[in-house]
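# Results of the structural survey
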Amino acid sequence: DVWPGPLKFEKLEYEKGRPNVKITYQGTDSKATIGIIGCHLDVVPANPEKWEVDPFKLTIKGDKLYGRGTTDCLGHVAMVTMLMASLAKNKPSLKRTVVALFIASEEGGGPGVGVDMVVKHGKIKELHNGPVFWVDSADSQPCCGTAGSIRWHLKFTGRIFHSGLPHKGINALELGMEALKVLQDRFYKAFPAHEDEEKYKFMCPSTMKPTQMECSKGSLNQIPRQCVISGDVRLTPFYDIKELYEKMESWVKDLNENIEKLPTRGPMSKYVLEGDDVDVKRGKIELEWGASLEDCRHMEGIACNLDSVGFKALCDATASVKGKASPYSITGSLPLVREMQKEGFDLQITGFGLSKTYHADNEYVLLSDMSDAFKVLSILIQKCEDSV
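Residues numbered from 1 in each chain as written. Predicted model: local features only at pLDDT ≥ 70, side-chain atom pairs only at ≥ 80, totals over all residues. Heavy atoms only, no water.

## A closer look at helix 1 (residues 74-90)
Short version of the rule: Runs of H or I in DSSP of at least four residues are treated as helices and runs of E of at least two as strands, each being numbered from the N terminus. For a helix, the expected span equals 1.5 Å multiplied by the number of residues minus one. Relative accessibility decides the category of a residue: with a 1.4 Å probe and only protein chains considered, values under 20% of the type maximum give buried, values over 50% give exposed, and everything between is partly exposed.
With 17 residues, helix 1 extends 24 Å from end C-alpha to end C-alpha; this agrees with the ideal 24 Å at 1.5 Å per step. What helix 1 keeps buried is the set G75, H76, V77, M79, V80, L83, M84, L87 and A88.

## Re helix 3 (residues 172-190)
Rules: Working rule for contacts: check all heavy atoms of both residues, and any pair within 4.5 Å makes them a contact. Whenever a nitrogen or oxygen atom comes within 3.5 Å of another N or O atom, the pair is scored as a polar contact, on the condition that within protein one atom can donate a hydrogen and the other can accept it, and that pairs from neighbouring residues in sequence are kept only if both atoms are in side chains.
The first and last C-alpha atoms of helix 3 sit 26 Å apart over 19 residues, in line with the 27 Å expected at 1.5 Å per residue. Of all the residues in helix 3, the buried ones are A172, E174, L175, G176, E178, A179, L180, V182, L183, Q184 and F187. The secondary structure elements touched by the buried residues of helix 3 are strand 10 (148-157), strand 12 (207-215), strand 14 (226-235), helix 5 (241-257) and strand 15 (284-289). Measuring from the backbone nitrogen of L173 back to the side-chain oxygen at the start of helix 3 gives 2.9 Å, which picks out N171 as the cap.

## Observations regarding the nonpolar core
How we decide: Buried residues of nine kinds, namely Ala, Val, Leu, Ile, Met, Phe, Trp, Tyr and Cys, make up a nonpolar core once their side-chain atoms join them within 4.5 Å.
In terms of nonpolar packing, the biggest core is built from 34 residues, with I150, L235, L244 and I285 touching the most fellow members. Setting aside its immediate chain neighbours within four residues, I285 contacts L154, K155, F156, L175, A179, V252, L255, N256 and I259. Grouped together as the second largest cluster of nonpolar side chains are 33 residues, I36, M84, L87 and L377 included.

## Looking at the sheet that holds strand 15
Put simply, the test is: If DSSP finds at least two bridges between two strands, the strands pair. Orientation is described by axes fitted as lines to C-alpha atoms, over the contacting stretch for helices, and by angles from 0 to 180 degrees between their N-to-C directions.
Across the sheet, 4 strands lie side by side as 12-14-10-15; this open sheet has antiparallel pairing. Only two strands of the sheet have a single neighbouring strand rather than two, namely strand 12 and strand 15. Along the sheet, successive strands turn relative to each other by an average axial angle of 20°, direction set aside. Looking at chain direction, strand 10 and strand 14 are connected through 10 bridges and run antiparallel.

## What to know about the side chain of T59
With respect to the helices, strands and loops of the structure, T59 is situated in strand 5 (residues 59-61). Look past the residues within four positions of T59 in its chain and what remains in contact with it is V53, D54, K64, L65 and Y66.

## A short note on the sheet that holds strand 18 (residues 364-366)
Sheet architecture is open: 3 strands sit in the order 5-6-18, paired in antiparallel fashion. For this open sheet the edge positions go to strand 5 and strand 18, each flanked by a neighbour on one side alone. Between one strand axis and the next, the sheet turns by 25° as a mean value, whatever way the strands run. For strand 6 (residues 64-66) and strand 18, the ladder comprises 3 bridges, and the chain directions are antiparallel.

## Notes on the packing of aromatic side chains
To be explicit about the condition: Here the aromatic set is Phe, Tyr and Trp, taking the six-membered ring for Trp, and pairing holds for ring centres within 6.5 Å; pairs whose planes are under 30 degrees apart are stacked, those over 60 apart are edge-to-face, and all others are tilted. Remark: a charge is flagged as sitting over a ring if the NZ atom of Lys or the CZ atom of Arg is within 6 Å of the ring centre and within 35 degrees of the ring normal.
Scanning the entire structure with this criterion turns up 7 aromatic pairs. With a centroid separation of 5.3 Å and 50° between ring planes, the pair formed by Y66 and Y364 is classed as tilted. Of this pair, Y66 sits in strand 6 while Y364 sits in strand 18, and the two are 298 residues apart along the sequence. Assessed through its relative accessible area of 13%, Y66 is described here as buried. Aromatic ring contacts, followed pair by pair, group F187, Y188, F191 and Y239 into a single cluster. In this arrangement the basic side chain of K64 is found over the ring face of Y364, its NZ or CZ atom lying 4.7 Å from the centre.

## So, the state of the cysteines
This is how the line gets drawn: Any two cysteine sulfur atoms lying within 2.5 Å of each other are counted as a disulfide.
Going through the model one piece at a time under the given rule, you end up with 0 disulfides. Left unpaired, C39 is separated from the closest cysteine sulfur, that of C73, by 4.7 Å. For C39, a relative accessible area of 0% corresponds to the buried category. Summary of cysteine pairing: C227 is not part of a disulfide, and the nearest cysteine sulfur, belonging to C215, is at 6.4 Å. The exposure class of C227 is buried, given its relative accessible area of 0%.

## Structural notes on unusual backbone geometry
In this structure, the amide linkage connecting D72 to the following residue, C73, adopts the cis form with an omega of 10°. Among the secondary structure elements, C73 is positioned in the loop between strand 6 and helix 1. Look at K91: it is not a glycine, yet its phi comes out positive at around 50°. Tracing the backbone through its elements, the reader meets K91 in the loop between helix 1 and strand 7 (97-102). One non-glycine residue, H359, lies in positive phi territory at about 60°. Looking at where H359 falls in the secondary structure, it is placed in the loop between strand 17 (346-350) and strand 18. Here H359 falls in the partly exposed class, since its relative accessible area comes to 41%.

## With respect to the environment of A373
Its location among the elements puts A373 in helix 9 (residues 367-386). For A373, a relative accessible area of 0% puts it in the buried group. Between the C-alpha atoms of A373 and M79, which are 294 residues apart in sequence, the distance is 7.6 Å. Excluding its chain neighbours within four sequence positions, the residues that come into contact with A373 are M79 and F352.

This is the structure we're talking about:
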């Protein structure tokens, strides 16, 4: 659907009831654009019992605007809407066409709904003609890099036995802890801090860490048969996720083939048993990825182009309003940004919510920050105009 007027509106729907909304303010130069995208219409769940205010309505307390989505990302949606309305009202003569895209899905909604489908159907192909600003980060400063997020599950299988006879069992917990340490050591050797991380001001390098552990239920006097340790890898954009998949799988294969060489814990700890009456003779390690390699690429990290007209304009506009620009990179993740960069878009990242309230109970945003955001984007448009 298209409506006439100073602004062109398009509803881009690829799943019923989950529309993306594109708003265009036409410029005079058909080969010059500026895109403002990334503001998403979905939010994470909220449990009203854990909130001090109603998460499903706006509550104003001084400069704080409380409610689910105020920081992530409905505050940005409202602010960019006001920006586009201001263009329609004041009708400035711009060379660059300004395009705002509000996306239907970002908070775990999966591919096939949001910006990936908009790009696939060529609905923002004109944005190859200028910088594109992804407005969904935090703390009112340019974000020039993110990391990929890769989830993993390691399943360790041993042999259950009475803990008074530990030499007859294979302790899945001990196997898991020792094998994980080896895998982490190999990870940090294969994916050390990259020299470009300092240039991009990453707060930390690539990491692999466990975040959850489960084991088979039993009494305290039983050697556990099974253990599952899960976690994630945050991979800076200077490494390829495919290399991580291949190395991890080869390391697990090697550990299984040489499981007797793993360190043990005490004289009775072992991962290989002998005897005709032993039903499980070797411990086993299995790796399961949280997503296929193809799906995982939706969450790849990005290193923005620091030589871009858009990056310079963003830094200048930020400094004009906030007093200084302090670009940073973070090993948090944003979906689809790397894929858009690979599609040829000059993607830059910023955002004006508060990182400390992202996905938090009692989420809020500062009205003053959103007011400043309106000024930053207004100046940003003018800075990009000057480069045409």
